[in-house]
Structures are given as structure tokens and as C-alpha cells.
Amino acid sequence: HLQIQLAERAKTDEERQLAFAQLKQGQARAAHLVQQLLTLVRQEPGVAPQPHSAVDLAEVARLVVAEHAPLAAERNIDLGISHISQEEQAIISGDFEALRVMLGNLVDNAIRYTPRGGTVDVALQLRDGTAAMEVSDTGPGIPEEDRERVFDRFYRREINHASGSGLGLAIVKNIADRHHAGIVLENRVPGPGLRASISFPLR
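Reading guide: rules and limits
- Residue numbers run consecutively from 1 along every chain, following the written order of its sequence.
- In keeping with the predicted nature of the model, local features appear solely for residues at pLDDT of at least 70, side-chain atom pairs appear and are counted solely at 80 or more, and the whole-chain, interface and lining totals rest on all residues.
- To obtain the side-chain values, all non-hydrogen atoms of the structure were used and water was disregarded.
- The cut-offs for exposure are 20% and 50% of the maximum accessible area for each residue type, with area from a 1.4 Å probe on protein chains only; residues under the lower value are buried, those over the upper are exposed, and the others partly exposed.
- Only DSSP runs of H or I covering at least 4 residues are called helices, and only runs of E covering at least 2 are called strands; the numbering of each starts at the N terminus.
- For two strands to count as paired, DSSP must find a minimum of two bridges between them.
- Residue contacts follow a heavy-atom distance rule, with two residues in contact if any of their heavy atoms lie within 4.5 Å.
- The angle between two axes is taken between their N-to-C directions and runs from 0 to 180 degrees, where each axis is a line fitted to C-alpha atoms and a helix contributes only its stretch in contact.
- Crossing handedness is read from the near helix: turned anticlockwise from the far helix by less than a right angle, it gives a left-handed crossing, and turned clockwise, a right-handed one.
- Throughout, the ten residues Ala, Val, Leu, Ile, Met, Phe, Trp, Tyr, Cys and Pro are labelled nonpolar, Asp, Glu, Lys and Arg are labelled charged, and all others, Gly among them, are labelled polar.
- Salt bridge, as applied in this entry: a Lys or Arg side-chain nitrogen positioned within 4 Å of an Asp or Glu carboxyl oxygen.
- For this analysis, a nonpolar core means a set of buried residues of the types Ala, Val, Leu, Ile, Met, Phe, Trp, Tyr and Cys, connected via side-chain atoms within 4.5 Å.

K.L.:
Even after reading the chapter, I still don't get the pairing of strand β5 (residues 130–137), so can you show me in this structure?
P.N.:
In summary, the side chains of a regular strand alternate between the two faces of the sheet. Summarising burial for β5: seven of the eight residues are buried, a large majority. Bridging between strand β4 (residues 119–127) and β5 involves eight bridges; their strand directions are antiparallel. Following the sheet pairing, A123 is matched in β5 by E134. Remark: two residues form the turn of the hairpin made by β4 and β5, two consecutive strands paired antiparallel; D128 in that turn has positive phi of roughly 50°. As judged from the seven bridges shared by β5 and strand β7 (residues 194–201), these two strands associate in the antiparallel manner. Counted as the bridge partner of T130 is P201 from β7.

In C-alpha cells form, the structure reads like this:
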């Protein structure tokens, strides 16, 4: 409402353009927050779940990377898929749309926290009867003491400089739990960067 008032009171084209730019940014943040809240509610325990079916994790990975390519390009970030081998065997029982949302939130976070010119890689690996989806970036990483709290709703680190709702990783955790998947967050060695790995039992 304040931004609308500022636009109405603008005396020059420059002031008006600035006010509308800020209004658009505020609207985008609000829309993103509402979408994240709706997604979180849909993934809550007790909500009627979608029936699980055979899901090819490689297909999920390719779709998510394609969807986030424009955002990565806008931020001059190299986004790609690496180390996908034997992808025809990466089949789990799950909810395709929920898994797309889960991986999409991880990739979105990685892009937003990675400085311009950095890289974000999505990888799929098979090991010990599990399929692991990994998202690694060249951002600042997460201190060990914060790695559990980042899954709490609305939690945002004090040094956070990226826009967001604080719900993305809470959604990731809910979806992973519903798929009996384990999540590990660890800083890349050598750094900088973060690696998020989610391991699913194979079908």
C-alpha cells in the first residue's frame, strides 16, 4: 500500500519508475510467500497424499534444471547436471510433482545464494541400494550449528542477503520425510559452497 502511495505521489518519471519497480518486487515476494505457504500445507502430515508411482529421478532432475535455467542465466550462474550414470535404474516410488517441488527449492536456494559467475550442479548417484540427488553450489555454505535450524519454518540466518520466505527447506524436509528419504547438508571441501544430498530407497 505504501509503495502504491509513493507511485501516486511521484513528481518525476524517474521517481515513478523507481516506485513501480519497488512495487513489482514487493508483489513478487508476496506471491512467492503465498505459493510457498500453499505448498507447505499440501505437504503436511494428515493432508491426503497423492498416490505414489514409479518416478525416474533423472527425469525430475532434467525438468528442474530446465525450469531454473532462466534464473541462473539472469544471475550469470553455470547451472547443469553432472555425474548422472545408469540413470535408467534411478527409479523410486514417489510423487513426481512433490519431488519436482523439493528439488526445485534446493536448486532455487543454491542459485540465490551463489555469487554471480558461480556454479550450481545437480547430480544423481546410485550407491548401496539408494538413489541420491545432490545439489552443490559455490555459495557461502552453512555453518554446522545452523544446519538443523535451516529446516525450521521461517528461519533465516542473520547474514542472509538473498530474498526468500524461509520456507523452502521446510518444504524440502516435509517432502523428503514423506518419501522416507534422508537429508544431509555439508559444506564442500575444498570450499566454498554447500552440498545438499537426499537419499531415497530404490524401488
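K.L.:
What's the story with the side chain of T114 in this structure? I'm lost.
P.N.:
The topology assignment puts T114 in the loop between α4 (96–113) and β4. Not counting chain neighbours up to four residues away, the residues in contact with T114 comprise I77, T119, V120, D137, T138 and G139.

K.L.:
Would you explain the packing of α4 against helix α5 (residues 168–178) in this entry?
P.N.:
In a pair of packed helices, the angle between the axes and the distance between the axes together describe the arrangement. Contact geometry of α4 with α5 gives a least axis separation of 9 Å together with a crossing angle of 145°. For the crossing formed where α4 meets α5, the hand is left-handed. On α5, the residues touching A98, L99, V101, M102, N105, L106 and N109 of α4 are G168, L169, I171, V172, I175 and A176. Along the lines of polarity and charge, the residues of the contact of α4 with α5 split into 10 nonpolar, three polar and no charged.

K.L.:
Quick question: what am I supposed to make of the pattern of salt bridges here?
P.N.:
Side chains that carry opposite charge are capable of pairing whenever their charged atoms lie near each other. For the coordinates displayed, the defined rule picks out seven salt bridges. Residue K173 pairs with D177 through a salt bridge whose shortest N-O separation is 3.0 Å. One end of the pair, K173, and the other, D177, are both in helix α5, four residues apart, so they sit about a helical turn from each other. In this structure, E186 and R195 form a salt bridge, with 3.9 Å as the shortest nitrogen-oxygen distance. Residue class for E186 comes out partly exposed when judged on its relative accessible area of 35%.

K.L.:
Sorry, what's going on with the side chain of E134 here?
P.N.:
Within the element layout of this structure, E134 appears in strand β5. You can call E134 buried: its relative accessible area is 12%. When near neighbours in sequence (up to four residues on either side) are disregarded, E134 contacts D121, V122, A123, Q125, R127, R195, A196 and S197.

K.L.:
Would you explain the pairing of β7 in this entry?
P.N.:
For strand β6 (residues 182–187) and β7, the ladder comprises six bridges, and the chain directions are antiparallel. Along β7, the bridge assignment pairs L185 with A196. Linking β6 to β7, which pair antiparallel, is a turn of six residues; within it G193 sits at a positive phi near 135°.

K.L.:
Help me understand the nonpolar core, please; the structure alone is not making it clear to me.
P.N.:
What tends to happen in soluble globular proteins is that the nonpolar side chains get buried as a cluster. Ranked by internal contacts, the top residues of the largest apolar core, which has 42 residues, are L57, M102, L103 and F200. Where this core is concerned, the elements lending two or more residues are α3 (57–74), α4, β4, β5, α5 and β7. Among the elements that take part in this core, α4 stands out by supplying nine residues, more than any other. In this structure F200 touches L57, I92, L99, M102, G129, T130, A131, M133, H179 and A181, once residues within four positions along its chain are discounted.

K.L.:
Please explain the environment of A21 as it appears in this structure.
P.N.:
Its place among the elements puts A21 in helix α2 (residues 13–42). When its relative accessible area of 34% is taken as the criterion, A21 is described as partly exposed.

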